[in-house]
Amino acid sequence: GDMAGPHEEDRFKKFVMDYCASKGWGWKPQAPQMPYMNVLDLGVFPSMGSGVHELTRNNSGSVANKEVVWRAAQQVWRDRLPESKIARCFVLAWRLALVVIKNKGSNTFLRTKEMHQGVKQDFHDTLTGVVRKKK
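What counts and how
- Residues numbered from 1 in each chain as written.
- Predicted model: local features only at pLDDT ≥ 70, side-chain atom pairs only at ≥ 80, totals over all residues.
- Heavy atoms only, no water.
- Helix = DSSP H or I, 4+ residues; strand = E, 2+ residues; numbered from the N terminus.
- Buried < 20%, exposed > 50% of the residue type's maximum accessible area, 1.4 Å probe, protein only.
- Contact = heavy atoms within 4.5 Å.
- Disulfide = S-S within 2.5 Å.
- Core = buried A, V, L, I, M, F, W, Y, C linked by side-chain atoms within 4.5 Å.
- Salt bridge = Lys/Arg side-chain N within 4 Å of Asp/Glu carboxyl O.
- Pairing = 2+ DSSP bridges.

Trainee: Mind laying out the overall build of the protein chain, listing which residues take part and the relevant values?
Mentor: Along the protein chain, the regular secondary structure elements total five helices and two strands. Counting from the amino terminus, helix and strand elements in the protein chain follow one another as α-α-α-α-α-β-β. Taken along the three principal axes of its C-alpha coordinates, the protein chain extends 50 × 45 × 30 Å. Buried positions account for 27% of the 135 residues belonging to the protein chain. A separation threshold of at least 6 residues defines the contact pool for the protein chain, and within that pool the share at least 24 residues apart is 58%.

Trainee: Please give an account of the state of the cysteines that cites residues and values.
Mentor: Counted by the stated rule, this structure contains zero disulfides. Lacking any disulfide linkage, Cys 89 is separated from the closest cysteine sulfur, that of Cys 20, by 19 Å. Using a relative accessible area of 6% as the deciding quantity, one classes Cys 89 as buried.

Trainee: Account for the side chain of Ser 47, with residues named and values stated.
Mentor: Among the secondary structure elements, Ser 47 is positioned in helix α2 (residues 39-56). Look past the residues within four positions of Ser 47 in its chain and what remains in contact with it is Val 76, Leu 81 and Lys 85.

Trainee: Before we move on, could you go through the nonpolar core and cite the residues and values that matter?
Mentor: Tyr 36, Leu 42, Val 44, Met 48, Leu 96, Phe 109 and Met 115 are the most contacted members of the largest nonpolar core, which has 23 residues in total. Among the elements that line this core, the one with the most residues is helix α4 (residues 83-102), at eight residues. Excluding its chain neighbours within four sequence positions, the residues that come into contact with Phe 109 are Tyr 36, Leu 96, Val 99, Val 100, Asn 103, Glu 114 and Met 115.

Trainee: Residue-level account of the pattern of salt bridges, with values.
Mentor: Should the charged atoms of two oppositely charged side chains come close, the side chains can pair. Evaluation of the coordinates by the stated rule reveals six salt bridges. Of the charged contacts in the structure, one is a salt bridge between Arg 88 and Asp 125, with a shortest N-O distance of 2.4 Å. Of this pair, Arg 88 sits in helix α4 while Asp 125 sits in strand β1 (residues 123-126), placing them 37 residues apart in sequence. On the basis of relative accessible area, Arg 88 is assigned to the buried category, the value being 14%. Salt-bridge contacts for Arg 95 lead to Asp 122; the nearest nitrogen and oxygen are separated by 2.8 Å. Taken together, the residues Arg 95 in helix α4 and Asp 122 in helix α5 (residues 119-122) connect sequence positions 27 residues apart. For Asp 122, a relative accessible area of 22% puts it in the partly exposed group.

Trainee: Tell me about the pairing of strand β2 (residues 129-132), and name the residues and values.
Mentor: Taken together, the four bridges between β1 and β2 define a ladder with antiparallel strand orientation. Residue pairing for β2: His 124 is matched across the bridge by Val 131. Counted along the chain from β1 to the antiparallel partner β2, the turn is two residues long.

In structure tokens:
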């Protein structure tokens, strides 16, 4: 739902809306040009990318074939991307949404420390997500 060309195809959008409706979920596409408001772009893809890179790099200089990359991505998703990491991304996206509102839609905060919202300091990991630390 990031308004990228392939994600705007009518059958894809209908599938997503029907699937979400069948689960009782609401669905709204993210604003274009705001990857920091998308949980996948904000934290999941960067984490997966570094994990896949670690598993597929070699010293020969050759590029890993698609099967190797696919197996590495599956391994990273299954074994290296804990639910707590994804949960922290949702908290960070929420906090950044408040910053966007405070800045009246401007993204000038991206060059400041406001991009870092202290989520790691405020929450601790559990097996099924994160829990706010007691103050």
